[in-house]
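Each chain is listed here by its residues.
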Amino acid sequence: MNIILLGAPGAGKGTQAERISANYNIPTISTGETLRAAVKNGTELGQRAKSYMDAGALVPDEVVIGIIKEFLSSEKCKNGFILDGFPRSIPQAEALDRTGVKIDMVLDIEVEDQKIIDRMSGRRVCPACGASHHIMYNPPKISGKCDKCGNDLVIRKDDAPETVKARLDSYHGITEPLKDYYAAKGLLTVVEGQDKVEDTSALVDAAMSRLK
Ligand code: AMP
């Protein structure tokens, strides 16, 4: 089962990718997570990506296409995969098409901009283990500390309000045309993101079960 998760930044793609991955036992790759890890580790990839990410801009296509090609060619993808955060532009989708990999479904999680802005302004992440909390919707048991590992939670640099605005602009201008691209191929399934994660999860599960 080969799945693409589409949606604005903060729409909840990561959470759903993790769930689908666990339920169907297929690997997921988040290009955003991969790039953040590269920045943290100071690799060459990270050095190339950092300034774009800090500005809320997309990193150059060839950088992310390289990451995805490496992932898709790995043994663990032989029974399927989930792409979270890729493709994010028509040229990226065309590059994916050229790999010859067949996509079964593009799941688009729709959340309106104001809700995205509210969600991101309250998001707190753990720099040590990557866990994500929200001061309103998923507060840590001890304020400011990660539930999973106890580290201090921080605001992701690209969750700052002006960067969120840039990320949403980039989403609407460059990524959203992918909806038409995949609808024309008969692959698009739209799920309305709900206020409660479990409600969105139920809709995603229903969409997944229709695929079987
Ligand atoms: P995310 O966590 O998915 O919102 O990604 C964080 C940042 O990583 C984005 O704002 C971009 O700078 C970069 N990024 C992630 N995926 C892509 C992609 N497919 N193409 C270009 N840039 C990406």
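Look a little higher up for the structure.
These notes cover the structure that comes with them.

Calculation criteria
- Residues numbered from 1 in each chain as written.
- Predicted model: local features only at pLDDT ≥ 70, side-chain atom pairs only at ≥ 80, totals over all residues.
- Heavy atoms only, no water.
- Disulfide = S-S within 2.5 Å.
- Axes fitted to C-alpha atoms, helices over the stretch in contact; angles between N-to-C directions.
- Helix = DSSP H or I, 4+ residues; strand = E, 2+ residues; numbered from the N terminus.
- Parallel < 35°, antiparallel > 145°, perpendicular 65-115°, else oblique.
- Left-handed = near helix turned anticlockwise from the far one by under 90°.
- Contact = heavy atoms within 4.5 Å.
- Nonpolar A, V, L, I, M, F, W, Y, C, P; charged D, E, K, R; others polar.
- Near = heavy atom within 4 Å.
- Polar contact = N/O pair within 3.5 Å; in protein donor to acceptor, adjacent residues only side chain to side chain.
- Areas by Shrake-Rupley, 256 points an atom, 1.4 Å probe, with all protein chains shown as cover.
- Buried < 20%, exposed > 50% of the residue type's maximum accessible area, 1.4 Å probe, protein only.
- Pairing = 2+ DSSP bridges.

As for the state of the cysteines
Then, in step 1: All chains considered together, the criterion is met by zero disulfides.
Then, in step 2: Here C129 is not disulfide-linked; the sulfur of C146 is the nearest cysteine sulfur, at 3.7 Å.

Quick look at the packing of helix α4 (residues 61–72) against helix α5 (residues 90–98)
Helix-helix packing is described using two parameters, namely the angle between the two axes and the distance between the axes.
Then, in step 1: Running from amino to carboxyl end, α4 crosses α5 at an angle of 30°, the nearest separation of the two axes being 10 Å. Viewed along their axes, α4 and α5 adopt a mutual orientation that is roughly parallel. In terms of crossing hand, the pair formed by α4 and α5 is right-handed. Of α5, the residues touching α4 (which contributes D61, V64, I65, I68 and L72) are P91, Q92, A95 and L96.
Then, in step 2: Classifying every residue of the contact of α4 with α5 by side-chain character gives seven nonpolar, one polar and one charged.

Details of the site of the ligand
Then, in step 1: In the vicinity of the ligand, 16 residues are found, and the nearest of them are T31, A57, G85, Q92 and R167.
Then, in step 2: Residue G85 places a main-chain N or O atom 2.8 Å away from a nitrogen atom belonging to the ligand.
Then, in step 3: At 2.9 Å from a nitrogen atom of the ligand is found a side-chain nitrogen or oxygen belonging to Q92.
Then, in step 4: Considering the ligand on its own, with 490 Å² of exposed area, one finds that the protein chains cover 95% of that surface.
Then, in step 5: In terms of residues, the shell around the ligand owes the most to one element, helix α2 (residues 31–40), which gives four residues.
Then, in step 6: For the shell around the ligand, the residue count by class is seven nonpolar, four polar and five charged.

Overview of unusual backbone geometry
Only a minority of non-glycine residues have a phi that is not negative, and only a minority of peptide bonds are not trans.
Then, in step 1: Looking along the chain, the bond that leaves F86 and enters P87 is cis, with omega of -5°.
Then, in step 2: Relative to the assigned elements, P87 resides in the loop between β3 (81–84) and α5.
Then, in step 3: In this model, N25 sits at a positive phi of 55°, which is unusual for a non-glycine residue.
Then, in step 4: Mapped onto the fold, N25 is located in the loop between α1 (13–24) and β2 (28–30).

Re the pairing of strand β7 (residues 188–192)
Then, in step 1: Of the two faces of β7, the one lined by T189 and V191 is fully buried and the one lined by L188, V190 and E192 carries no buried residue.
Then, in step 2: Taken together, the five bridges between strand β4 (residues 105–110) and β7 define a ladder with parallel strand orientation. Note that in β7 the partner of E110 across the bridge is E192.

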